[in-house]
Amino acid sequence: MDKIIVKGGHALKGTIPISGAKNATLPALAATLLTGERIHLSNIPHLKDVTTMLELLGQHGSAITVDERLGVEIDNSGVNNFRAPYDLVRTMRASILVMGPLVARHGMAEISLPGGCAIGSRPVNLHIDGLRAMGAEITLDEGYIRARADRLHGAHIILNPVTVTGTENLLMAATLAKGRTILENAAREPEVTDLAIFLNKMGARIQGLGSSILVIDGVDELHGTEHRIIPDRIETATFMVAAAVTGGDILLTDTDPEALETPIQIMREAGMAVELPEPGRIRVHVPDALRPVDLETCPYPGFPTDLQAQMLVLNSLARGTSRITETVFENRFMHVSELQRLGADIRVHGNIAEVHGVDHLLGAPVMATDLRASASLVLAGLAARGATTISRVYHIDRGYERIEEKLQALGADIQRTTS
Ligand code: UD1
């Protein structure tokens, strides 16, 4: 199994381009199932989760052409299999995103229940309840969600708690439903808005983009189009923290600072200099010692839970005490015990992590537990004295494109070993 070995202590320096957003790519790929006409998607990141979604589409009968440079072309005129099997869904929960499009266009879907997840119970009840409100008949048997509908109809749906993929699933389904659907308390993440823009290019009639109330007037069919995926705000912020914890100075290109308003504000409070020299670019350096910052994870536009683990590393190296409160997912502090192995002083009380900054971290063998947790271990390794060996790095390949190559280009001593 692959391992990543990081030898810390090198200040990151240089310029690095940011990839397309994983969490915008996955729903966009699922949305192609809403039409039999050709779709072209560009700025697709090379990630394990994207490959999994392409594999799933392939199983449904999609014809897919991948061009490393130009993107992905998808022709769904031959879709004839409506089952998302356990083997694929268990490796990626976002597979559930094919449910809405399949039911809306083909009247049926059989999706394996995602099952256990390292960051809490993560149910999909709101996806199911929403489709039921739109007229789908849904049963749960043999570990599968079986959904049927002649034609979905519009409904007024209130999502509580706010859910990203739940909003996306119902948004996609509503585009082909008869009549008007209102999604209240909809997720406002930039990836949801990117999906809505893409769907409108396909001929959907969605209003309220970027707000918590999405109004969708169903149409009879959608058509082919082209779309460029937005930059990955989580990858961007992860590199920003990497620069900060190594005392580096980096320039990120092909990104979008507007999607990172809250994290940038928090990073500035932490003593990071974040400059926006021109559109799509962010320069980060650290003029003085890092300062501890308190934060609470929240749905967008709040501070993203997908950056919580990275901020724990930053706070671990700041002078003083801070508190990070996780409000989105239960059980999302598993990386704390690994960070403690590197010398971080973090105490977890329920959903609050109390962090006491230390002078330095020391390299050690650690294990990745989930996608964002594994990014935090890389960050900690970059900052630590000595070598950190991270095992179970398949988690990181799900969400970060060529992370060791990008970090090497910035001067990091990081290698992947295969054994
Ligand atoms: C998405 C992101 C993930 C991010 C998360 C929160 C993708 C592919 N993944 O995950 O990276 O960490 O948003 O920003 O976009 N919930 C329910 N019932 C449901 C659905 C969700 O109770 O039917 C709860 C969850 O348990 C959780 C909260 O809602 O506590 C938010 O989860 P959700 O927004 O659905 O996360 P994902 O869409 O799975």
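Our subject is the structure listed above.
Scoring rules and cut-offs
Residues numbered from 1 in each chain as written. Predicted model: local features only at pLDDT ≥ 70, side-chain atom pairs only at ≥ 80, totals over all residues. Heavy atoms only, no water. Buried < 20%, exposed > 50% of the residue type's maximum accessible area, 1.4 Å probe, protein only. Helix = DSSP H or I, 4+ residues; strand = E, 2+ residues; numbered from the N terminus. Pairing = 2+ DSSP bridges. Contact = heavy atoms within 4.5 Å. Core = buried A, V, L, I, M, F, W, Y, C linked by side-chain atoms within 4.5 Å. Axes fitted to C-alpha atoms, helices over the stretch in contact; angles between N-to-C directions. Salt bridge = Lys/Arg side-chain N within 4 Å of Asp/Glu carboxyl O.

Trainee: Tell me about the pairing of strand β9 (residues 144-148), residues and numbers included.
Mentor: Taking burial as the measure, the 5 residues of β9 include 4 buried ones, the bulk of the element. Bridge count for strand β7 (residues 108-112) against β9 is 5 bridges, and the pairing is antiparallel. Considered in β9, the bridge of Ile111 is made with Ile145. Alignment of strand β8 (residues 137-141) against β9, held across 5 bridges, turns out to be antiparallel. In the sheet register, Leu140 faces β9, and the bridge partner there is Ile145. The antiparallel hairpin formed by β8 and β9 contains 2 residues in its connecting segment, where Glu142 sits at a positive phi of about 50°.

Trainee: For helix α5 (residues 125-133), give the residues involved together with the corresponding values.
Mentor: By the burial criterion, the buried members of α5 are Leu126, His127, Ile128, Gly130 and Leu131. Where α5 is buried, its residues contact α4 (99-106), β8, β9, β10 (156-158) and α6 (164-175). The positive-phi residue at the C-terminal boundary of α5 is Gly135, with phi of around 100°.

Trainee: With reference to specific residues and values, describe the nonpolar core.
Mentor: Counting residues in hydrophobic clusters, the biggest one holds 73 residues, and the most contacted among them are Met134, Leu152 and Leu199. A per-element tally of this core places helix α1 (residues 22-31) first, with 6 residues. Among residues more than four places away in sequence, those in contact with Leu152 are Val103, Ala104, Leu131, Met134, Gly135, Ala136, Ala173, Ala177 and Lys178. Counting 68 residues, the second largest nonpolar core, distinct from the first, contains Met272, Val274, Leu342 and Ala344.

Trainee: Give me the side chain of Ser316: which residues, what numbers.
Mentor: Along the polypeptide, Ser316 turns up in helix α10 (residues 308-316). Taking the relative accessible area as the measure of exposure, Ser316 reaches 1% and is therefore buried. The residues contacting Ser316, other than those within four sequence positions of it, are Ala344, Ile346, Val355, His356, Gly357 and Val358.

Trainee: Could you give an account of the sheet that holds strand β1 (residues 3-7), with specific residues and numbers?
Mentor: On the basis of which strands lie adjacent, the open sheet formed by 4 strands has the order β22-β23-β1-β24 and mixed pairing. Where the open sheet ends on each side, the last strands, each with one partner, are β22 (365-367) and β24 (413-417). Taken over all neighbouring pairs, the strand axes of this sheet differ in orientation by 20° on average, direction set aside.

Trainee: Lay out the pattern of salt bridges in plain terms, naming residues and giving numbers.
Mentor: In this structure the tally under the stated criterion is 24 salt bridges. The partner of Asp217 in a salt bridge is Arg180, and the shortest N-O contact between them spans 2.9 Å. With Asp217 in strand β13 (residues 213-217) and Arg180 in strand β11 (residues 180-184), this pair connects stretches of sequence that are 37 residues apart. When its relative accessible area of 14% is taken as the criterion, Asp217 is described as buried. The salt bridge involving Arg385 is made with Asp359; its shortest N-O contact spans 4.0 Å. Placement of Arg385 in the loop between α12 (371-383) and β23 (387-391) and of Asp359 in the loop between β21 (352-356) and β22 is noted, with a sequence separation of 26 residues between them. Classification of Arg385 by relative accessible area gives partly exposed; the value is 48%. It is possible to trace a salt-bridge network through shared partners that takes in Arg83, Glu110, Asp141, Glu142, Arg146 and Arg148.

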